[in-house]
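# Survey of secondary and tertiary structure
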Amino acid sequence: MIGNILLTLALLAGVFSIYMYYLTYKGYQNTIKLARYSFHLTAIAVLTASALLLHAILTHQYQYKYIYNYSSSDLPLGLLMATFYAGQEGSFMLWVLFSAIIGLILLDYTSKRGDLEPRVMMIFTLALAFLLVMVNPLLKSPFNYIWSQPDFIDLKNINQSYLSLPALQSFIFSDPQSNKQFIQMSKDLYGVLTANNISVNNFIIEGKGLNPLLQNFWMQIHPPVLFVGFAMSVVPFAFALSALIKNEYKDWVKQALPWMLMGTMVLGLAIMLGGYWAYGVLGWGGYWGWDPVENSSLVPWLVGVASIHTILVQKKTQEKGSGRFIKTNLILSIMTFVLVLYSTFLTRSGILGDASVHSFVDPGMTVYLFLVIFLGLFIVLGLGMIIYRWKYLTENFTFEENVLSRELALFTGSVALLASAIIVLVGTSAPIFGQTVELKFYNELNLPIAIIIALVNGLSLLLKWKHTDSKLLLDDLKFSGIASIVLTLLIVFLGSVYDIMLVILTLSAAFALFVNGEIAFRIFKGKRSYLGAYIAHIGIAVFLIGVVATGGYSQESQVDLVKGEKVSTLGYDLTFTGYSPIDNGKKYAFNIEVSKNGSVRTAAPVMYIAEFNNSLMREPDILVGLTKDFYVAPVSYSEGTEGEQDHNHGIPMTKGQTIDHEGLKIVFDSFEMPKDAMSSMTEGKEFRISAILKLIDGSKETIVKPSVVISSGTQKYEPVFVKEKNLKFELTNINAGSGQIELLISDIDGKKESGSKTAAKEVLTVDASIKPFISLVWIGVLFMVIGYIISAVRRSRESVE
């Protein structure tokens, strides 16, 4: 109750602050203090409500529906705190919290820079107010009580000492399918509990817990960083609209640039932290899968980076009285925040429920409509103001000087970034129209764009503003050109890189690396505050080289490891030595000795049955090296006597993978699941997940959908029979989170099985792979972050000059 009161107070104070800032902009002299006081009240109320929510989580107050659905008493402290943002309500609350904190910093920033504060804070607080509406009790408040809507709770989570009360018997129901009993939470039950002096907090003694896929260290880091990036994206939007309100377009770029730099840095870091999380946990060995929800965060980042480079052109050219890209910068600054809202809409409306494992469940029509209104209002507000001021947005946009100019190079780089953003946006939005795109759509279209970006990355720094002498340019190109060719040849011959497009990408990335490295070396002896851009560009070049190495030249092998027997694969000797219980016996680590050239290390991938959904979970282990990672992902484990058939696992397949079965090509296309699958899982309702398989026999293609029906933690696998082929297709395991299944293929008459194995002693099946130079990906990201921070500090100092 107190939490909802505080959030309502924050919303009312925010609306009042918006009005006071508006009056201040109109010339009233006595309203600026009221605007500031009310914004501070908004921030204090949000901070207090957030502290109350965290306290309720730490003290296991399961009377709150949100805490009951996502928390449990057996979680370690870090993950228990992370349940603050494990669901829709809490993640919106986290966004509100970071927006309030950033708003306080922005208020101080703008109050020291002329008349900026009323216009910028008015727009910023409007965005914050909409977020506060989202967490009000009628939509997605984390403070709603568990009896506010009828819900069924497993009796195992109820204090057994109260269940004998006659008054409670009418609220207890049995499920004949799962043989479990549930109690229906409702306002009537709350009345009964109150009448018997029973505290709801003592009545419910355990929560449902956190999804096993989220029980990872990076759950504590990745989401908060992502929401800081989301919260910061509104600041350039507010600066752009403040310029449109005043109809003055010179100073705003200088004042907004530090915020754009920090915002894109944080958002980019969050994206790659998510990639590192996927690499280390999901077991498919990659860090980027072009998942629609992943893409939805990438698009505003690409647009934000493009705007940084066009803002630099305007800032430089307007020093001479002819600012360029004024319209472009306004549009891009506005679209960065609009695309963040679009990302939120895609992720939280449930519209991607069938296309992405990251998507939240359908939130209901009221929330859906509000998300549409939220997005639509800021599109209309931003683009409407540009249309309104269009006739005043004049600029001298010509390249009549020399085409070898830094302006044109930066413009070309921005266009390339925007082209990539459009490609990703089209592919990401396809599910809205009932369509899907294959991974090669993204890879094939973005590869030439990456080449252009890398070339411009280096070339733009060798070009002068407005005009460049071609002879001087050729002289400057000598070292970088020769060095990049030599490095590319080494990579081609030593790394066996033969794909022509990857060779060109390697050459362009090496060129960018040497150009930026050479300039950074010279600058290090002088103005070190100018190093930021060059360090960030070095990071991009190193990142791209790492992508080439890992994307095209990873080696993979699936092996069966009999306990105590050495198996050689990929140049390593693997010996399975047995398993050991970890995490209080809830999980099992399968120990593998990995030896090469006399060096012995131990890999310990993990498998366990998750109580959350009664499914088999797998966690890989990675032996990290400077030049390569050795990646071990568990597939299955069996134990038995010789000659005994193990029917518990089939052929592991990843979404998009093709296998051959006696001349029949089998393609694992995608999953088919209801939009409310996640909510059904958490509420114990029955739902079905199907694997869509394409059977290709010559020119004939057949679709089959083996399924698993999940109900109250139990799983029932339903096979599909193809009589003309005398084949039965049955799932033996499914992991929608990582896009993996295990498929058992057998004759209908039961004579043969593909995917079953003869188990002698204990057998551990693993996918082993080598990821060459994947460390360059993470090193590149680190360099980019450092470069962005240095640049943001420098530009922040310039904004007050």
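Each value, and the rule that gives it
- Residues numbered from 1 in each chain as written.
- Predicted model: local features only at pLDDT ≥ 70, side-chain atom pairs only at ≥ 80, totals over all residues.
- Heavy atoms only, no water.
- Helix = DSSP H or I, 4+ residues; strand = E, 2+ residues; numbered from the N terminus.
- Rg over C-alpha atoms; globule rule 2.2 N^0.38 Å.
- Buried < 20%, exposed > 50% of the residue type's maximum accessible area, 1.4 Å probe, protein only.
- Contact = heavy atoms within 4.5 Å.
- Areas by Shrake-Rupley, 256 points an atom, 1.4 Å probe, with all protein chains shown as cover.
- Pairing = 2+ DSSP bridges.
- Axes fitted to C-alpha atoms, helices over the stretch in contact; angles between N-to-C directions.
- Phe/Tyr/Trp six-rings, centres within 6.5 Å; stacked < 30°, edge-to-face > 60°.
- Patch = residues over 30% accessible without salt bridge, like charges linked within 9 Å, V, L, I, M, F, W, Y side chains within 5 Å.
- Salt bridge = Lys/Arg side-chain N within 4 Å of Asp/Glu carboxyl O.
- Parallel < 35°, antiparallel > 145°, perpendicular 65-115°, else oblique.
- Left-handed = near helix turned anticlockwise from the far one by under 90°.
- Nonpolar A, V, L, I, M, F, W, Y, C, P; charged D, E, K, R; others polar.
- Core = buried A, V, L, I, M, F, W, Y, C linked by side-chain atoms within 4.5 Å.
- Polar contact = N/O pair within 3.5 Å; in protein donor to acceptor, adjacent residues only side chain to side chain.
- Expected span 1.5 Å × (residues − 1).
- pLDDT = per-residue confidence, 0-100.

When you go through the protein residue by residue, the secondary structure sums to 20 helices and 24 strands. Against the compact-globule benchmark of 28 Å for 801 residues, the protein has a radius of gyration of 29 Å, which places it among compact chains. Its C-alpha atoms give the protein principal-axis dimensions of roughly 85 × 75 × 50 Å. Residues classed as buried in the protein amount to 55% of the 801 residues present. Of the contacts made within the protein by residues no fewer than 6 positions apart, 68% connect residues no fewer than 24 positions apart. When the accessible surface of the protein is totalled, it reaches about 34600 Å², and 60% of it is carbon and sulfur.

Strand order in the open sheet formed by three strands is β1-β3-β2, with antiparallel pairing between adjacent strands. At either end of the open sheet lies a strand with only one pairing partner, and these are β1 (151-154) and β2 (172-175). Shown here is a sheet whose adjacent strand axes are inclined to one another by a mean of 40°, direction ignored. Where β1 lies against strand β3 (residues 180-185), four bridges are found, and the strand directions are antiparallel. By the bridge assignment, Asp151 is partnered in β3 with Met185.

Per the stated rule, a full pass over the model turns up 41 aromatic pairs. Consider the rings of Tyr64 and Phe143, whose centres lie 6.1 Å apart with planes at 85°: the pair is edge-to-face. Here Phe143 lies in the loop between α6 (116-134) and β1 and Tyr64 lies in the loop between α2 (32-58) and α3 (65-70), a separation of 79 residues in the sequence. Residue Tyr64 is classed as buried on the basis of its relative accessible area, which comes to 12%. For Phe143, a relative accessible area of 2% gives the class buried. An angle of 50° between the planes, with centres 6.1 Å apart, marks the rings of Trp95 and Phe227 as tilted.

It is worth spelling out a nonpolar patch on the surface at this point. Taken together, Ile482, Val486, Leu490 and Leu494 make up a surface patch of nonpolar side chains, about 430 Å² in accessible area. Following the sequence through the fold, Ile482 ends up in helix α16 (residues 470-495).

Here the focus is the packing of α2 against α6. For the pair α2 and α6, the least separation of the axes is 12 Å and the interaxial angle reads 30°. With respect to α6, the axis of α2 lies roughly parallel. The two elements α2 and α6 cross, and the hand of that crossing is left-handed. Between α2, through Ile32, Arg36, Phe39, Thr42 and Val46, and α6, the contact on the second element is made entirely by Glu117, Pro118, Met121, Phe124, Thr125, Leu128 and Leu132. Counted by class, the contact of α2 with α6 contains eight nonpolar, two polar and two charged residues.

Under the counting rule described, the total for this entry stands at 21 salt bridges. Between Arg688 and Glu718 there is a salt bridge, and its shortest N-O distance comes to 2.4 Å. Of this pair, Arg688 sits in strand β16 (residues 687-697) while Glu718 sits in strand β19 (residues 714-718), and the two are 30 residues apart along the sequence. By relative accessible area, which is 38% here, Arg688 ends up partly exposed. By relative accessible area, Glu718 is classed as partly exposed at 26%.

In this section: the nonpolar core. With 173 residues, the main nonpolar core has Phe203, Ile204, Phe239 and Leu330 as its most contacted residues. Looking at which element gives the most residues to this core, the answer is helix α10 (residues 252-281), with 17 residues. What Leu330 contacts, discounting residues up to four positions off in sequence, is Ala240, Ala243, Leu244, Tyr249, Trp252, Ile386 and Leu393. If you look at the next biggest cluster of nonpolar residues, it comprises 25 residues, including Phe687, Val722, Leu731 and Leu743.

What follows covers the environment of Ala82. By the secondary structure assignment, Ala82 is in helix α4 (residues 77-82). Given the relative accessible area of 1%, Ala82 is considered buried. Along the primary structure Ala82 and Asp476 are separated by 394 residues, whereas in three dimensions their C-alpha atoms are 51 Å apart. In this view, Ala82 contacts Met219 and Gln220; residues no more than four positions away in its chain are not counted.

Of the two faces of strand β14 (residues 658-661), the one lined by Ile659 and His661 is fully buried and the one lined by Thr658 and Asp660 carries no buried residue. Sheet analysis places β14 next to strand β15 (residues 664-672), joined by four bridges and oriented antiparallel. Residue Ile659 lies in a different strand from β15, and its bridge partner there is Ile666. In this structure, the hairpin formed by β14 and β15 is closed by a connection of two residues, where Glu662 is found at a positive phi of approximately 50°.

Position of Glu619 relative to the elements: it lies in strand β10 (residues 615-619). In this structure, the C-alpha to C-alpha distance between Glu619 and Val635, residues 16 residues apart in sequence, is 9.7 Å. Contacts of Glu619, omitting those with residues within four sequence positions, involve Val281, Lys587, Pro605, Val606, Tyr608 and Pro634. Side chain to side chain, Glu619 and Lys587 meet in a polar contact 3.3 Å long.

Mapped onto the secondary structure, Gly427 falls in helix α14 (residues 406-429). Judged by relative accessible area, Gly427 falls into the buried class, the value being 4%. On a C-alpha basis, the gap between Gly427 and Trp147 in space is 41 Å, while along the polypeptide they are 280 residues apart. Setting aside residues up to four positions removed in sequence, Gly427 forms contacts with Val437, Phe441 and Tyr442.

Contact geometry of helix α5 (residues 88-111) with helix α12 (residues 326-348) gives a least axis separation of 12 Å together with a crossing angle of 165°. Considering their axes alone, α5 and α12 lie roughly antiparallel with respect to each other. In the crossing of α5 with α12, the sense of the turn from one axis to the other is right-handed. Listed contacts from α12 to Gln88, Ser91, Phe92 and Trp95 of α5 are Val340, Leu341, Thr344 and Arg348.

Another aspect to go through is unusual backbone geometry. Glycine aside, negative phi is the norm for most residues, and most peptide bonds take the trans geometry. In this model, His60 sits at a positive phi of 55°, which is unusual for a non-glycine residue. Looking at where His60 falls in the secondary structure, it is placed in the loop between α2 and α3. A relative accessible area of 23% means that His60 is categorised as partly exposed. Phi at Trp290 is positive, roughly 55°, even though this residue is not glycine. Note that Trp290 resides in the loop between α10 and α11 (292-317).

Quick look at helix α9 (residues 222-246) now. An ideal rise of 1.5 Å per residue puts 36 Å on 25 residues; α9 measures up with 38 Å between its terminal C-alpha atoms. Among the 25 residues that make up α9, 23 are buried, leaving the element largely enclosed by the rest of the structure. Note on α9: the residue one or two positions beyond its end, Asn247, has a positive phi of about 65°.

As a further point, take the side chain of Ser297. The residue Ser297 is located in helix α11 in this model. Ignoring anything within four residues of it in the chain, the contact list for Ser297 reads Leu226, Phe230, Leu267, Ile271 and Ser343.

Here we take up the confidence of the model for the protein. Summing up the model confidence of the protein, the mean pLDDT is 85 and the portion of residues at 70 or higher is 90%. Across the protein, the secondary-structure element scoring lowest on mean pLDDT is strand β23 (residues 753-754), at 52, and the one scoring highest is α2, at 96. Confidence over residues 641-648 falls short of pLDDT 50; this stretch has 19 contacts with residues more than four positions distant or in other chains. For residues 756-760, every residue scores under 50 in pLDDT, and the model assigns this stretch 23 contacts once sequence neighbours within four places are set aside.

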